[in-house]
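# Coordinate analysis (summary)
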Amino acid sequence: MSEKEQTLSGAGDRRVPGALKKTIVMVGMMGAGKTAVGRSLAARLKAPFLDSDHEIEAAANRTIPEIFARDGEPFFRQKERQVIRRLLDEERGVLSTGGGAFLAAENRQIISERGVAIWLNADLEVLWNRVKHRDTRPLLRTEDPHATLSALYHDRVPYYAQADLTVQSDGQASIDEMVNRVVEALRARPDVLEWV
Ligand SMILES: Nc1ncnc2c1ncn2[C@@H]1O[C@H](COP(=O)(O)OP(=O)(O)OP(=O)(O)O)[C@@H](O)[C@H]1O
Ligand SMILES: O=C(O)C1=C[C@@H](O)[C@@H](O)[C@H](O)C1
Ligand SMILES: [Mg+2]
């Protein structure tokens, strides 16, 4: 973070992030930026970056659309629960989850016990602009993917709202600016991130 950003933030608190004490877990809709912001946040904090979607694909040696097509969504969700538990056990870092992960009570509980859940919240149209050109999200392979995204968003907000912290993505904020916002939100959680 630049000196100017530090001075502007945290009401004059000039301390910078130090050691990570708990895993920071990014939750939220597809396209919210969990992977992109999470990766960049990990680089900023010099911490390991983990992504549950990536880990599931690597373990299965198949893509997420292939897993959904061959084994179905319940199988994917089972793998997702196992992977999230394992990653929270094994490593301390930044963990980006898949868009549906925080819907499972088991995941919500273990994430908030062993880490801190950060909801990257973005408006529907911001999400749509980010996902509409990609064919990698099996849940959006419907006749009207915009309507599907809208329904998922409205169904899921009550779950995401249970995250420990919320950071708003307004469509103007760059990935770097989103990282700044997440770091600022973490000033409220010295049990997660040390400040020096
Ligand atoms: N703040 C941002 N500014 C510009 N582009 C962004 C921003 N956040 C994310 N993006 C872009 O939007 C796309 C979707 O982001 P990303 O893959 O990180 O979403 P996700 O939340 O991980 O979605 P999923 O749940 O499907 O894994 C990517 O191309 C990413 O680079
Ligand atoms: O929102 C969801 O349910 C999903 C989001 C992606 O991250 C993947 O986990 C998968 O495509 C399902
Ligand atoms: Mg992702």
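Cut-offs and rules
Residues numbered from 1 in each chain as written. Chains lettered and ligands numbered in written order. Predicted model: local features only at pLDDT ≥ 70, side-chain atom pairs only at ≥ 80, totals over all residues. UniProt positions renumbered as here; feature names shortened; annotations may be inferred. Buried ≥ 20, exposed ≤ 12 C-beta atoms within 10 Å, placed from the backbone. Contact = placed C-beta atoms within 7 Å. Helix = DSSP H or I, 4+ residues; strand = E, 2+ residues; numbered from the N terminus.

UniProt records the feature "binding site: Mg(2+)" (unreviewed entry) for Thr-35 in the present numbering. On the basis of neighbour counts, which here come to 19 C-beta atoms within 10 Å, the residue Thr-35 falls in the partly exposed class. When neighbours within four sequence positions are excluded, Thr-35 is seen to be in contact with Asp-51 and Ser-96.

Our next topic: the UniProt feature "binding site: ATP" (unreviewed entry) in the protein. UniProt's entry tags Gly-31, Ala-32, Gly-33, Lys-34, Thr-35, Ala-36 and Arg-137 with the feature "binding site: ATP" (unreviewed entry), counted in the numbering of this structure. With 24 C-beta atoms packed within 10 Å, Gly-33 lands in the buried category. Aside from chain neighbours lying at most four places away, what touches Gly-33 is Leu-120, Ser-169, Ile-175 and Met-178. Within the secondary structure, Lys-34 is located in helix H2 (residues 34–45). Residues contacting Lys-34, with those up to four places away along its chain left out, are Met-26, Val-27, Gly-28, Ser-96, Thr-97 and Leu-120.

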